[in-house]
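Architecture and fold: a report
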Amino acid sequence: MVESELTSVPDTGWSEQDSADFIAYGPEFTPEGDRLRETVLNLLAPAITDSETPHVVELCCGAGQLSAAILERFPSARMSAWDGSPAMLAETRETCAAHTDRLDTQLFNLAESDWRDVNPKPTAFVSSLAVHHLDGPQKQSLFHDLYCALNPGGLFVLVDIIMPTTPIGLEIAAKQWEDIVRSQSMAKYGDLRALVAFERLGWNFFLAPDADPIDKPSSLVGQCLWMRESGFQAVDVSFYRAGHAILSGRKP
């Protein structure tokens, strides 16, 4: 395992307390997390199979569940797990402890551009529940830079919160998300402790879209168009539930 860290935490508006809350309850806060991960793995499979030296970069790896799943499913793949939180990186290294020979971690700032010229060019970029912290122009810039950074035939898979375009869409997303957290809390703990934390922390963006300035989700259609404008082909949506979606695009 290779570890590279900066000397200070990038100022993104996300705190280490936010990291602690997500580490504690992230699986219960994430709608259908197992299904999300399985979908990402299925999307990655052709690109990784076609590569002689598959290298996947996860942008904002969180607690490392997706990185660990990729390393487990694809024994030939090398994984780079990057995040803006030292606590998240530490958790990722623990989660991926069985695969440290194929893992490197790095502290980075998603909004900056100094990391985007990756060498050698990776097989795939994946990102889960992080890009919504960028505004629209920042997302457009990121998508363009990721396209340029990928190997030909490479894949970009984005798992994220999506901004509904109507009031009823917001209402439906908020209700679905709350119901899922309730169900997952009962399944995990036999009580509603995760739902209580979810409500106490104000995690349900769709109930109060203007409450937290660090959350800047964009519409589903808008992001698909930005990916296509960046050059990605076969842009597709493979999952949508409770205001969360999986988008993907391939570099020809």
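Data block above holds the structure.
First, a word on what this report is: a plain description of the structure on this page. (Residues numbered from 1 in each chain as written. Predicted model: local features only at pLDDT ≥ 70, side-chain atom pairs only at ≥ 80, totals over all residues. Heavy atoms only, no water.)

Remarks on the packing of helix H6 (residues 167-189) against helix H7 (residues 193-200)
Describing two packed helices takes the angle between their axes plus the distance from one axis to the other. Put simply, the rule is: All axes here are fitted lines through C-alpha atoms, helices being fitted over the stretch that makes contact, and every angle between N-to-C directions spans 0 to 180 degrees. Secondary structure elements are taken from DSSP: a helix is a run of H or I of four residues or more, a strand is a run of E of two residues or more, and numbering for both begins at the N terminus. What sets the label is the angle itself: under 35 degrees gives roughly parallel, over 145 gives roughly antiparallel, 65 to 115 gives roughly perpendicular, and the rest give oblique. Any two residues having at least one pair of non-hydrogen atoms within 4.5 Å are treated as being in contact. Each residue is assigned to one of three groups, with Ala, Val, Leu, Ile, Met, Phe, Trp, Tyr, Cys and Pro labelled nonpolar, Asp, Glu, Lys and Arg labelled charged, and all others, Gly among them, labelled polar.
In the contact formed by H6 and H7, the axes pass within 7 Å of each other and the chain directions differ by 140°. With respect to their mutual orientation, H6 and H7 come out oblique. For the pair H6 and H7, the contacting residues are Trp177, Glu178, Val181, Arg182, Ser185 and Tyr189 in the first and Arg193, Ala194, Leu195, Phe198 and Glu199 in the second. Residue composition of the contact of H6 with H7, by class: six nonpolar, one polar and four charged.

With respect to the pairing of strand S6 (residues 155-161)
We apply this condition: Burial here depends on accessible area, computed with a 1.4 Å probe over protein chains only, as a share of the maximum for the residue type. Under 20% is buried, over 50% is exposed, and the range in between is partly exposed. Two strands are counted as paired when DSSP detects at least two bridges linking them. For a crossover, the right-handed case is the one in which the path from the first strand over the helix to the second runs clockwise, viewed with the strands pointing away from the viewer.
For S6, the tally of buried residues reaches seven of seven residues, placing the bulk of the element in the interior. With five bridges connecting them, strand S5 (residues 124-128) and S6 associate as parallel partners. The residue of S6 that forms the bridge with Phe125 is Phe156. Crossover handedness for the path S5 to helix H5 (residues 136-149) to S6: right-handed.

What to know about H5
Filter applied, for reference: For a helix, the expected span equals 1.5 Å multiplied by the residue count minus one. Taken from the helix axis, the directions to the C-beta atoms give the arc we talk about.
Spanning 14 residues, H5 covers 20 Å between terminal C-alpha atoms, matching the ideal 20 Å at 1.5 Å per step. For H5, the complete set of buried residues consists of Gly136, Lys139, Leu142, Phe143, Leu146, Tyr147 and Ala149. Seen end-on, H5 carries its buried residues on one side only, within an arc spanning 165°. Those residues of H5 that are buried are in contact with strand S2 (55-59), S5, S6 and helix H8 (220-230).

Notes on unusual backbone geometry
Peptide bonds are, in most cases, trans, and in most cases residues other than glycine have a negative phi. A cis geometry characterises the amide bond from Asn119 onward to Pro120, with omega recorded as 0°. Within the chain, Glu32 stands out as a residue other than glycine whose phi angle is a positive 50°. Tracing the backbone through its elements, the reader meets Glu32 in the loop between helix H1 (16-29) and helix H2 (33-50).

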